Amino acid sequence: MRIDIITVLPELMRSPFEASILKRAIEADLVSVHFHNLRDYASGGYKAIDDTQYGGGAGMVMMIEPIDKCISKLQSERSYDDIIYMTPDGERLTQSIANQVSLKENIIILCGHYKGVDQRVRDKFVTREISIGDYVLSGGELGAAVLCDAVIRLIPGVLGNETSALTDSFQDGLLAPPIYTKPREYDGMKVPEVLFSGNFPEIEKWREAEAYKRTKARRPDLLDD
Ligand code: ADE
């Protein structure tokens, strides 16, 4: 998979890809991530990438021209399955969306800033708009990093233990059950006996019941779906 990220703040974006699972995925060539500084596509002495809103109103708007130049250059080099715009008014990121995006070959992620991009960018180029939650960030960069993390860990071969993504919360529509490791008892708190039984169908049954219980208590909306 190839991910091209268009941003005015490439320096803000680098570190999540320089550690742990994402770093290893890149080193193993399972994904490549490329940053494009939008300012490199701006014209004029000031290299402006934004301007005031037509019709008045607070906040600057990212102009279409530098974004068009950057996306068109990328599209002249390869075709893209999706051009994703990170925005608080996009569809809310879910595990199901992460699953869908992880199946793509080449994607562009466009990070908005200030008030966002000129609507014509969205009309002309964007195929999918994603929000990471109902709150407003200063820009799309952190959202893009969250999306990339959620997507990259799903690419086959990225996680050491292939089954571990399958047992994540949300992967089966439920939250994950409680998990335990050594010691068997800590400060009077004991690990549930069933986990030592060696009876794997029983353990699976316990995990399913606990996942259901936790989901019902914390996220009953997931059970409605
Ligand atoms: N840009 C600003 N806020 C955002 C959000 N909640 N999700 C994605 N991109 C954003």
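Look a little higher up for the structure.
Treat the numbers as computed from the prediction; the structure is a model and nothing was measured. (Residues numbered from 1 in each chain as written. Predicted model: local features only at pLDDT ≥ 70, side-chain atom pairs only at ≥ 80, totals over all residues. Heavy atoms only, no water.)

S.K.: Provide a residue-level description of unusual backbone geometry, including the pertinent values.
M.R.: With an omega of 5 degrees, the peptide bond running from Lys182 to Pro183 counts as cis. Following the sequence through the fold, Pro183 ends up in the loop between helix 6 (141–152) and strand 8 (185–186). In this structure, Asp29 takes a positive phi of about 65 degrees despite not being glycine. Phi is positive for Lys47, which is not a glycine, with a value near 55 degrees. The residue Lys47 is located in the loop between strand 2 (32–37) and strand 3 (50–52) in this model. A relative accessible area of 36% places Lys47 in the partly exposed class. (Helix = DSSP H or I, 4+ residues; strand = E, 2+ residues; numbered from the N terminus. Buried < 20%, exposed > 50% of the residue type's maximum accessible area, 1.4 Å probe, protein only.)

S.K.: Run through the environment of Gln95, naming residues and quoting values.
M.R.: Structurally, Gln95 is set in helix 4 (residues 95–102). Owing to a relative accessible area of 17%, Gln95 belongs among the buried residues under this scheme. When the C-alpha atoms of Gln95 and Gly173 are compared, they prove to be 8.8 Å apart, with 78 residues separating the residues in sequence. Beyond its immediate chain neighbours, meaning those up to four positions away, Gln95 contacts Leu154, Ser169, Phe170 and Gln171. (Contact = heavy atoms within 4.5 Å.)

S.K.: So what's going on with helix 3 (residues 64–77)? Which residues, and what values?
M.R.: Between the first and last C-alpha of helix 3 there are 20 Å, a value that for 14 residues agrees with the 20 Å anticipated at 1.5 Å per step. For helix 3, the set of buried residues is Pro66, Ile67, Cys70, Ile71 and Leu74. Buried positions in helix 3, seen along its axis, are confined to an arc of 120 degrees and lie on one side of it. Those residues of helix 3 that are buried are in contact with strand 1 (2–7), strand 2, strand 4 (60–62), strand 5 (82–92), strand 6 (106–111) and helix 5 (119–124). (Expected span 1.5 Å × (residues − 1). Arc of directions from axis to C-beta.)

S.K.: Tell me about the pattern of salt bridges, residues and numbers included.
M.R.: Inspection of every chain in the model, using the stated rule, returns 17 salt bridges. The salt bridge involving Lys104 is made with Asp82; its shortest N-O contact spans 3.8 Å. In this pair, Lys104 is assigned in the loop between helix 4 and strand 6 and Asp82 in strand 5, connecting sequence segments 22 residues apart. Linked by salt bridges that have partners in common, Lys73, Glu77 and Arg78 make up one network. (Salt bridge = Lys/Arg side-chain N within 4 Å of Asp/Glu carboxyl O.)

S.K.: Could you give an account of the nonpolar core, naming the residues involved and the relevant values?
M.R.: Counting residues in each nonpolar core, the largest one holds 31 residues, and the members touching the most others are Ile3, Ile5, Ile109 and Ile152. Broken down by secondary-structure element, the contributors of at least two residues to this core are strand 1, helix 2 (20–27), strand 5, helix 4, strand 6 and helix 6. Of all the elements, helix 6 adds the most residues to this core, at 7 residues. Sequence-distant contacts of Ile152, defined by excluding residues within four places in its chain, comprise Ile3, Phe17, Leu22, Ala25, Val31, Val33 and Val158. If you look at the next biggest cluster of nonpolar residues, it comprises 20 residues, including Cys70, Tyr80, Tyr85 and Ile108. (Core = buried A, V, L, I, M, F, W, Y, C linked by side-chain atoms within 4.5 Å.)

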